[in-house]
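# Observations on the model geometry
The primary structure of each chain is shown beneath.
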Amino acid sequence: MFAEIRKDYLNPDQPCPLPFVVCNIGESESQGPISRPKGFHFHHALWVTKGQGVFTFQGKSVELGPGEGLFCKKGIPHGYERSGSSLSTRWITFLGGEGAMDYYRVPDLFLFRATPALVSSTEELDRLCAGSSTVLSRSAAGYLWLTEWLKNEFEPSSTPAHLVRQYLENHFAQPLTLEEIGAQVHMSRYALCRYYRDTQGITVMEQLKRIRIAKAKQFLRYASCSIEEVALLCGYDSPSYFGKIFREETGRTPREYRSSHAGSAQKK
């Protein structure tokens, strides 16, 4: 178990001097009953690792099993105790992080599920804190832990259109097919084409072309590679076909476009 020993960073009544302070990380194989009618003096995330527990908050009680947990901001009344033969828990307490919590509009108290990503990142943070770390390095790592968790917990799931666009942005240099792109969102090529056209107003391949031309403009303006190399970097095996597509989209050949922006890289 890790507990911060720098007491000057652990005053809950004063503004946190760092973006984030890891106060305590631990686990209990035999969790005892906890009653906090006035809340805890640190922000507190705890989840069940084994057994069952009854958690009380906001005048109600819920039973939570393995992988289920409760988050409370400091000062929020809550309590918990085992409801079966055993209760094992994992927890982390901290100060700071208000900026991230405000950004995601985190409520004073919420239930959550401890995903494999959260479990893994908490274990990594625990190892760092227990090692030869400093309060500053723990602050940086802890704030990253918080923001990654809150992002996964509160950001809305990405739409298929967003996932397709992201895949195209990351793989524009490759010879992509509609079947391959559709597989990223579990759609057939026909379903993908219909969905993307209806929601985005253009076809998937038109979107890919726009991305490739935008990347080509960047290479032509700021890189010293040849036009043939630019074509390959943007997913075009044929420089002549690349030149044809580029002229259709911009009204200029790649060479004319580069000449008209000569010196751009030096000006940056």
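The structure reproduced in this document is the subject of the present report. Quick caveat: nothing in here was measured; it's all calculated off a predicted structure.

Positionally, Pro107 belongs in the loop between helix 1 (98-103) and strand 8 (109-113). Excluding anything up to four places from it in sequence, Pro107 contacts Phe71, Lys73 and Phe154.

With that settled, consider the packing of aromatic side chains. Counting across every chain of the model gives 19 aromatic pairs. A ring pair is formed by Phe55 and Tyr80, whose centres lie 5.2 Å apart and whose planes are at 25°; its orientation type is stacked. Of the two residues, Phe55 sits in strand 4 (residues 43-57) while Tyr80 sits in strand 7 (residues 78-96), which places them 25 residues apart along the sequence. Under the relative-accessibility criterion, Phe55 is labelled buried at 0%. Each ring, one from Phe112 and one from Trp149, has its centre 5.1 Å from the other, and the planes form 75°; the classification is edge-to-face. With Phe112 in strand 8 and Trp149 in helix 3 (residues 135-154), this residue pair connects regions lying 37 residues apart in the sequence. The class for Phe112 is buried, based on a relative accessible area of 6%.

Moving on to the packing of helix 7 (residues 204-222) against helix 9 (residues 239-250). Following both chains from N to C, one finds helix 7 and helix 9 inclined at 95°, their axes separated by 11 Å at the closest point. When the axis of helix 7 is compared with that of helix 9, the two are roughly perpendicular. Residues Glu206, Lys209, Ile213, Ala216, Lys217 and Leu220 of helix 7 form the contact with helix 9, whose own contacting residues are Phe242, Ile245, Phe246, Glu249 and Thr250. Class assignment for the residues of the contact of helix 7 with helix 9 results in six nonpolar, one polar and four charged.

Rules and cut-offs
- Residues numbered from 1 in each chain as written.
- Predicted model: local features only at pLDDT ≥ 70, side-chain atom pairs only at ≥ 80, totals over all residues.
- Heavy atoms only, no water.
- Helix = DSSP H or I, 4+ residues; strand = E, 2+ residues; numbered from the N terminus.
- Contact = heavy atoms within 4.5 Å.
- Phe/Tyr/Trp six-rings, centres within 6.5 Å; stacked < 30°, edge-to-face > 60°.
- Buried < 20%, exposed > 50% of the residue type's maximum accessible area, 1.4 Å probe, protein only.
- Axes fitted to C-alpha atoms, helices over the stretch in contact; angles between N-to-C directions.
- Parallel < 35°, antiparallel > 145°, perpendicular 65-115°, else oblique.
- Nonpolar A, V, L, I, M, F, W, Y, C, P; charged D, E, K, R; others polar.

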